[in-house]
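Chain by chain, the residues run as shown.
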Amino acid sequence: MSNRLELIASFVKNGIGVADVGTDHGYLPVMLVKRGYKGNIIATDINEGPLNKAKQSLIEADCEEAVELILCNGLDGCESEKIDTIIVAGMGGDTITGILDRAEWCAREDIELILQPVTKPEILRYWLVNNDFRITNEAQVDENGTVYQIICAVPGRDCRYKDSELFIGRYDLIKSSPFYEQMLDKHIIRFSSAAEGLKSTDRVELLPWLGIIENILKELKTMRGINDENC
């Protein structure tokens, strides 16, 4: 099974119920059933094709009676009283924020979010900390050569994030990760390239971004232990 889904499943606590949004093949609900999860298990997808594949996965695993499949956009078709854990994995950070933004009940005090953005994690973290969610845990996992970030959050006030931490996670939560230096190096290369590009651009409207990017780069290099006065 998927290392990524195994790690996501490990964060799920027994409770009222879990919603797996964008379930695709339904592998995560199957995993939760096999792990002995006792609450409601709801799997949603916006397309009928993936739900049919999820149904087949449930049948093959002999657990189709344990999971409710719902054809809907995000959480739009879910009964909130059946859920206290929301999983949204394998989507862009901007798409995840849209799903959460439409479901106002996800700010209920007993809700736990387990989120795995494939792109734009900075948008997701920004949305969370500016919509009164507190990020409680960050984890990373390698699958087929790609490092995925998993973000756990609950309703509540969070501390202020540096711009660089929006991209890789708050220092206190990721400094012990085996992927810490790898993530830093990746983003240092990314923002170094962006800064060089902006320095050579003749598009005046882009120049205000240079200071922001150089500041992010400086923060990343500081976390990496690089003393570069010119960064």
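Residues numbered from 1 in each chain as written. Predicted model: local features only at pLDDT ≥ 70, side-chain atom pairs only at ≥ 80, totals over all residues. Heavy atoms only, no water.

A. Local environment of helix α3 (residues 48-60). A rise of 1.5 Å per residue sets the reference length of α3, with its 13 residues, at 18 Å; its end C-alpha atoms lie 18 Å apart and thus fit the reference within 8%. Restricting attention to buried positions, one finds in α3 the residues Pro50, Leu51, Ala54, Ser57 and Leu58. Projected down its long axis, α3 carries its buried residues within an arc of 115°, all on one side. Facing away from the buried side of α3, by more than 90 degrees, are the exposed residues Glu48 and Glu60. Buried residues along α3 sit against α2 (27-34), β2 (40-45) and β3 (68-71). Following α3 by one or two positions, aspartate 62 has its phi on the positive side, about 60°. (Helix = DSSP H or I, 4+ residues; strand = E, 2+ residues; numbered from the N terminus. Expected span 1.5 Å × (residues − 1). Buried < 20%, exposed > 50% of the residue type's maximum accessible area, 1.4 Å probe, protein only. Arc of directions from axis to C-beta. Contact = heavy atoms within 4.5 Å.)

B. Just the side chain of glutamine 140, in detail. On the secondary structure map, glutamine 140 appears in strand β6 (residues 133-143). Here serine 177 takes part through its side chain, which lies 2.5 Å from a polar atom of the side chain of glutamine 140. Dropping the residues within four chain positions of it, glutamine 140 is found in contact with Leu7, Val147, Tyr148, Ile174, Ser177, Phe179 and Met183. (Polar contact = N/O pair within 3.5 Å; in protein donor to acceptor, adjacent residues only side chain to side chain.)

C. Region of interest: the packing of aromatic side chains. Taken as a whole and judged by the stated rule, the model has three aromatic pairs. Judged by centre distance (6.2 Å) and plane angle (65°), the rings of tyrosine 171 and tyrosine 180 are edge-to-face. A relative accessible area of 34% places tyrosine 171 in the partly exposed class. Given a relative accessible area of 9%, tyrosine 180 falls into the buried group. Here arginine 4 stacks its cationic end above the ring of tyrosine 148, 5.7 Å away from the centre of that ring. (Phe/Tyr/Trp six-rings, centres within 6.5 Å; stacked < 30°, edge-to-face > 60°. Lys NZ or Arg CZ within 6 Å of the ring centre and 35° of its normal.)

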